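Coordinate analysis (summary)
Here is what each chain is made of, one letter per residue.
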Amino acid sequence: MPTPSHLKNPLYFDFRAARRVPESHAWPGLHDLPVVDGGAPGPDAVPVVDMRDPGAAARVARAAEQWGAFLLSGHGVPAGLVARVEAAVARVFALPAADKMRAVRGPGDACGYGSPPISSFFSKHMWSEGYTFSPASLRADLRKLWPMAGDDYADFCDVMEEFHKEMRCLADQLLELFLKALGLTGEQVAAVEAERRIGETMTAAVHLNWYPKCPDPRRALGLIPHTDSGFFTFVLQSLVPGLQLFRPGPDRWVAVPAAPGAFVVNVGDLFHILTNGRFHSVYHRAVVNREQDRISLGYFLGPPPHAKVAPLPEALPPGREPAYRAVTWPEYMAVRKKAFTTGGNALKMVAVAETDDDAAADLRRLVS
């Protein structure tokens, strides 16, 4: 659907009524690379990390170094709660168009209804709808959708607050696991947190996605290839697959299996910087299909706006200098915007040393 950044008077695109993919939503050339099954045994099997496994830190290290993403199981978030969250997300996108448009994101707004914020950098539109909110201001944000409050508003807020509480706890656990995966001892992890308060100050944002079934999936795209900008993201996806990870050498897309009970974890650009590139961010996209709608939820973690993010000294091998300069999240987003508009690489633009951030150069040329 067109976003406010594209149109002075936002128009609602009725995906349900579409019998073809219009030129405004057509993405030629983005389906030229092969797609392989990430749920099949072999070198393209998406890594799985069970948090109950005593060797989980080593598995996280391998996955973050080699993939930048993994499936996370054994996380302890109740299955019943996850089911209620999925049902709540589906109800949001089933609301009448007028209700959703009442909550449309305006220019510069971080929260509200519309296409993914990344869509403003492209002339084409994506085959999806989204809603972004901050758990810290959930009830105020959601009054855009339900200005009179009511039972639906209360039910949605209640389940999302419960989910946020579980996910914020899980984020702290995963951060500790990430730091141990860098080779830090429990004592060093505690010292890093005491000095830098990474976990204590992490902020969260939630983005809901609806990918309607599409009359011509080869012409459309649910979400453009990109990396996440923050530290790391938990992705809750329904049992309809659609998330794909980019893998170079040879270039291909790996379809992430819709594993019941598992979250997908994506490493973001600022975590790439924090670990001096050892744990690398991952290019990913969402595709659509002809038969079924798909929903997903991204739970994004990152630093507070004022915090400078730089490579941890503990992440540097002896004699190795930091590969990136210190940046705040807003500063990095400004660099990222410039990279999108010029076809550049945001991580290279904040690098102070030679890096390996060109692995997805061919992919960026396809997108630009």
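Computed from a predicted model, the values in this text were never measured in an experiment. The written sequence of each chain sets the order in which its residues are numbered from 1. In view of the model being predicted, local features appear only for residues whose pLDDT reaches at least 70, and side-chain atom pairs are presented and counted only at 80 or more, with totals across whole chains, interfaces and linings using the full set of residues. Here the side-chain values reflect all heavy atoms present in the structure, with hydrogen atoms and water set aside.

1. Description of the overall build of the chain
Along the chain, the regular secondary structure elements total 11 helices and 13 strands. For this measure, only C-alpha atoms enter the radius of gyration; the expected value for a globule follows 2.2 Å times N^0.38, where N is the number of residues. Computed over the C-alpha atoms, the radius of gyration of the chain is 20 Å, within 12% of the 21 Å expected from 2.2 N^0.38 for a compact globule of 368 residues. Principal-axis analysis of the C-alpha atoms places the extent of the chain at approximately 60 × 45 × 40 Å. Going through the 368 residues of the chain one by one, you find that 53% of them count as buried. Relative to all contacts within the chain whose residues are 6 or more apart in sequence, the contacts with residues 24 or more apart total 75%. Counting 39 positive and 40 negative side-chain charges, the chain places the averaged centre of each group 5 Å from the other. Put simply, DSSP H or I for four residues or longer makes a helix, DSSP E for two residues or longer makes a strand, and each gets a number counted from the N terminus. Exposed residues in this analysis have more than 50% of their type's maximum accessible area, buried residues have under 20%, and partly exposed residues fall in between, with area computed by a 1.4 Å probe over protein chains only. Should any heavy atoms of two residues lie within 4.5 Å, those residues are counted as being in contact. By the counting rule applied here, Lys and Arg register as positive and Asp and Glu as negative, while His and the ends of each chain are not counted. For charged residues, the charge sits on one atom: NZ in Lys, CZ in Arg, CG in Asp, CD in Glu.

2. Notes on the side chain of arginine 285
Along the chain, arginine 285 turns up in strand β12 (residues 284-286). Note on definitions: salt bridges are taken to be side-chain nitrogens of Lys or Arg within 4 Å of carboxyl oxygens of Asp or Glu. Notably, arginine 285 is buried but unbridged: the nearest opposite-charge side chain belongs to aspartate 32, and the N-O separation is 8.7 Å. Polar contacts, as used here, are pairs of N or O atoms within 3.5 Å; protein pairs need one atom able to donate a hydrogen and one able to accept it. Residues neighboring in sequence count only if both atoms are side-chain atoms. One polar contact links the side chain of arginine 285 to the main-chain carbonyl oxygen of leucine 30, over a distance of 2.6 Å. If sequence neighbours within four positions are ignored, arginine 285 has contacts with Leu30, His31, Val35, Leu221, Leu223, Ile224, Pro225, Gly242, Leu243, Gln244 and Trp253.

3. Quick look at the pairing of strand β10 (residues 252-255)
Strand pairing requires that DSSP identify at least two bridges connecting the strands. The pairing of strand β1 (residues 35-37) with β10 spans 3 bridges and is parallel. Across the sheet, aspartate 37 pairs through a bridge with alanine 255, a residue of β10. Relative to β10, strand β9 (residues 243-247) runs antiparallel, the two sharing 4 bridges. Following the sheet pairing, glutamine 244 is matched in β10 by alanine 255. Between β9 and β10, which pair antiparallel one after the other, the connecting turn spans 4 residues, and glycine 249 there sits at a positive phi close to 65 degrees.

4. A short note on empty space enclosed by the protein
Here a cavity denotes a set of grid points, spaced 1 Å apart and computed over the protein atoms alone, in which a 1.4 Å probe fits but from which it cannot get out, and a pocket denotes an open set meeting protein on both sides within 12 Å along at least five of seven lines; residues with an atom within 4 Å of a point are reported as lining. Grid points are joined across faces, edges and corners, and a volume is the space filled by probe spheres set on the points. Taken as a whole and judged by the stated rule, the model has 1 cavity of 30 Å³ or more. Of the volumes computed, that of the largest cavity is approximately 40 Å³. Lining the largest cavity are Glu86, Val89, Leu236, Gln237, Ser238, Ile295, Ser296 and Leu297. Per-element accounting of the lining of the largest cavity gives the leading share, 3 residues, to strand β13 (residues 294-302). When grouped by side-chain class, the residues that make up the lining of the largest cavity number 4 nonpolar, 3 polar and 1 charged. Gly counts as polar in this scheme, as do all residues outside two lists: the nonpolar Ala, Val, Leu, Ile, Met, Phe, Trp, Tyr, Cys and Pro, and the charged Asp, Glu, Lys and Arg.

5. Remarks on the packing of helix α1 (residues 56-66) against helix α5 (residues 151-181)
Packing of α1 against α5 brings their axes to within 8 Å, and their N-to-C directions diverge by 80 degrees. In terms of their interaxial angle, α1 and α5 are classed as roughly perpendicular. Residues Ala56, Ala57, Val60, Ala61 and Ala64 of α1 lie in contact with α5, whose contacting residues are Leu177, Phe178, Lys180 and Ala181. Counted by class, the contact of α1 with α5 contains 8 nonpolar, no polar and 1 charged residues. Angles here are taken between N-to-C directions and fall from 0 to 180 degrees, while the axes themselves are lines fitted to C-alpha atoms, restricted in helices to the stretch in contact. Relative orientations are named as follows: roughly parallel for angles under 35 degrees, roughly antiparallel for angles over 145 degrees, roughly perpendicular for angles from 65 to 115 degrees, and oblique for any other angle.

6. Description of the pairing of strand β6 (residues 203-211)
A regular strand places its side chains on the two faces of the sheet in alternate fashion. Counted residue by residue, β6 has 7 buried out of 9 residues, so it is predominantly covered. Summarising the sheet, strand β5 (residues 129-133) and β6 pair through 5 bridges and their orientation is antiparallel. Paired with glutamate 129 across the strands is tryptophan 210, a residue of β6. Note: β6 against β13, 9 bridges, orientation antiparallel. Counterpart to valine 206 in the pairing with β13 is tyrosine 299.

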